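Now for the letters of each chain:
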Amino acid sequence: MLLGRKQLLIGGEWRDASDGQTMPVVNPATEEVIAHVAAATRADLDDAVRAARAALSGPWGKMSARERGRLVWKLGERLMEQVDEVARLETLHNGKPITESRHVEIPMAAECLQYFAGWADKVQGDTIPVKGNALVYTLREPLGVVAAIVPWNFPLLLAVWKVAPALAMGNTVILKPASQTPLTALALGQLAIDVGFPPGVLQIITGSGGSVGQAIVEHPGIDKVAFTGDTSTGKGIMRTAAETLKHITLELGGKSPNIVFADADLDAAVRGASVGIFYGKGEVCAAGSRLLVDKAIKDQFLTKLADRTKKMVPGDPLDPKTRLGAISSKAQLERVLNYVDIAKKEGGTLLAGGSRADIGTGKGYFMQPTVFGDITPTMTIAREEIFGPVLAAIDFMDVDEAIARANDSIYGLAAGIWTRDIKKAHYVASKLQAGTVWVNTYNVYDTAAPFGGYKQSGFGREMSKYAVDYYTQVKTVWVDLA
Ligand code: NAP
């Protein structure tokens, strides 16, 4: 039933694109086309914006905050009731292991909806003492129509990180999923109808970023764009959004350092380095793709890590035992393999992996997990985001050099520190230019903890109470009492 949704959700109804165009969705594990979804036009977007604005001045705008929160809660509840089917869809269009979709991503999305449902009636203004005889108070109001534009690596979760706070705060949302992975966003739209969201509150517009994505950012009827994706796309969005002075939040790329000091629990750090880069096939914005290892333990550490990596084999993403799925697309696999070639040419030492993999079907975009040693900070794979299962190991001499090397990046999304020295851990955490720092762990998230970037990894924060600020605006009311 959910898999059946391939049209646009506009004004509470499913419909084809106005010009009838569609685009194919490919299962990266089999290379088969599994669906054709509508490719929205500007005219479709205009209709969605009209419906979103009508909802703001209609039943949605009039609904009490508590009632709104109840609906958002129900959406999370319904998502968990359908978790098996939604997880299967996520794996089919993205290639990630079913265990990640079923037990991590979709449950996290449901939890995020319920977390923000709780905030709906708890966001308050202030009364402010001022000079003179006046009552001054503030109201926290929704921004209006929020567009969420999201990438293909965590298609549903990254959408919900925006949809949940936006709806809970009383905005209407137009969600544009990535062209490669539209199926779970469409499923979310159906679930929203099922639980009783009024028409126009959550609309799903599938279509290419270059056309309808661009049109969203240009549209004068949209008040905010919440974007997750590539840093270069984010820069373009910022430029375009300036024309209509939209609110924007940008969650962009990363090249996160995972720093292993000689005094760390090395076995735990090996596991952490592995999870840091190979979870989600390395298609994780916060992936610990730069491994900084203390020179004193470098050889020992990299031998252990390479041994562990060689034992990891990609498999059928629908098999519950699989821990490494298919790279999300042919283009992405080619991009990753190209970085492997560059690393070899620039003098990196291949310690594990490095090639395309075959899971015995002769089909699918699978890649061996890959580790490079002898990487220097100026090499391409130490600087550019690969967005795949490729780790660049760089050494350092002391704490100061570790910090300098960690911060030597245009990005600042996340970082990891492995040490048994608590003073060193806090000191290094304070010096790292990153939105999230993990100590003796990596790649852990919670809806109550904020996530977002420093530097060119973007601005704004997802999840947590901080996200509420990015989906509300403050109105100050002065009442003359003289
Ligand atoms: P992308 O090419 O920037 O695409 C992201 C989304 O933007 C897609 O829906 C895409 O549509 C759309 N888009 C493309 N061009 C657009 C334009 N000119 N105007 C408006 N929308 C446009 O990024 P990606 O390659 O899919 O995703 C990978 C990137 O996301 C990586 O850099 C990764 O680090 C980053 N990421 C960041 C976070 C974070 O929280 N910081 C989380 C996950 C991923 P189409 O699909 O149709 O092209």
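Just above sits the structure.
The shown structure was predicted, so the numbers you read here are calculated from the model rather than taken from an experiment.

A. Just the site of the ligand, in detail. Around the ligand, a shell composed of 30 residues is seen, among which Ser-179, Gly-209, Thr-233, Leu-252 and Glu-385 lie nearest. Interatomic distance of 2.8 Å between a backbone N/O atom of Val-150 and an oxygen atom of the ligand. Gly-209 is positioned with one of its backbone polar atoms (N or O) 2.7 Å from an oxygen atom of the ligand. For the ligand, whose unbound accessible area comes to 910 Å², protein coverage reaches 86%. Of all elements in the fold, only helix H8 (209-218), strand E10 (224-228) and helix H9 (231-242) reach the threshold of two or more residues within the shell around the ligand. Among the elements that line the shell around the ligand, the one with the most residues is H8, at four residues.

B. Focus on unusual backbone geometry. The phi angle at Phe-387 is positive, at roughly 65 degrees, despite the residue not being glycine. Relative to the helices and strands, Phe-387 is located in the loop between helix H13 (380-383) and strand E18 (390-396).

C. Just the pattern of salt bridges, in detail. Inspection of the entire model under this criterion finds 23 salt bridges. Overlapping salt bridges bring together Lys-298, Asp-374, Asp-395, Glu-401 and Arg-405 as one network.

D. Geometry of the pairing of strand E12 (residues 257-260). Burial of E12 is two-sided: the residues Pro-257 and Ile-259 facing one way and the residues Asn-258 and Val-260 facing the other way are all buried. With four bridges connecting them, E12 and strand E13 (residues 290-294) associate as parallel partners. Pairing of Val-260 across the sheet is with Val-293, part of E13.

E. Spatial organisation of the environment of Leu-481. Checked against the element boundaries, Leu-481 lands in the segment after strand E24 (472-480). Here Leu-481 falls in the partly exposed class, since its relative accessible area comes to 47%. Leaving out residues up to four positions away in the same chain, Leu-481 has contacts with Asn-133, Ala-134 and Leu-135.

F. Just the environment of Ala-110, in detail. Examined against the element boundaries, Ala-110 turns out to sit in helix H5 (residues 98-119). Between the alpha carbons of Ala-110 and Val-336 there is a distance of 32 Å; along the sequence they are 226 residues apart. In contact with Ala-110, other than residues within four places in its own chain, are Gly-76, Leu-79 and Met-80.

G. Region of interest: the sheet that holds strand E6 (residues 134-142). As summarised here, the arrangement of the three strands in space is E5-E6-E24, forming an open sheet in which the pairing is antiparallel. Edge strands, defined here as strands with exactly one partner in the open sheet, are strand E5 (127-128) and E24.

H. Seen up close, the sheet that holds E18. Here seven strands make up an open sheet; going across it, the order is E14-E17-E18-E13-E12-E20-E21 and the pairing mixed. Edge strands, defined here as strands with exactly one partner in the open sheet, are strand E14 (349-352) and strand E21 (436-439). Averaged over neighbouring strand pairs, the angle between their axes works out to 25 degrees when direction is ignored. Here three bridges tie strand E17 (residues 370-373) to E18, and the two strands are oriented parallel to one another. Bridging from a neighbouring strand, Val-371 pairs with Leu-391 of E18. Along the sheet, helix H10 (residues 266-278) contacts E12, E13, E17, E18 and strand E20 (414-418); its crossing angle with E12, the most-contacted strand, is approximately 170 degrees. Sheet strands touched by helix H11 (residues 298-310): E12, E13, E14, E17 and E18. Its angle to E13, the strand with the most contacts, is close to 140 degrees.

What counts and what doesn't
Residues numbered from 1 in each chain as written. Predicted model: local features only at pLDDT ≥ 70, side-chain atom pairs only at ≥ 80, totals over all residues. Heavy atoms only, no water. Near = heavy atom within 4 Å. Polar contact = N/O pair within 3.5 Å; in protein donor to acceptor, adjacent residues only side chain to side chain. Areas by Shrake-Rupley, 256 points an atom, 1.4 Å probe, with all protein chains shown as cover. Helix = DSSP H or I, 4+ residues; strand = E, 2+ residues; numbered from the N terminus. Salt bridge = Lys/Arg side-chain N within 4 Å of Asp/Glu carboxyl O. Buried < 20%, exposed > 50% of the residue type's maximum accessible area, 1.4 Å probe, protein only. Pairing = 2+ DSSP bridges. Contact = heavy atoms within 4.5 Å. Axes fitted to C-alpha atoms, helices over the stretch in contact; angles between N-to-C directions.

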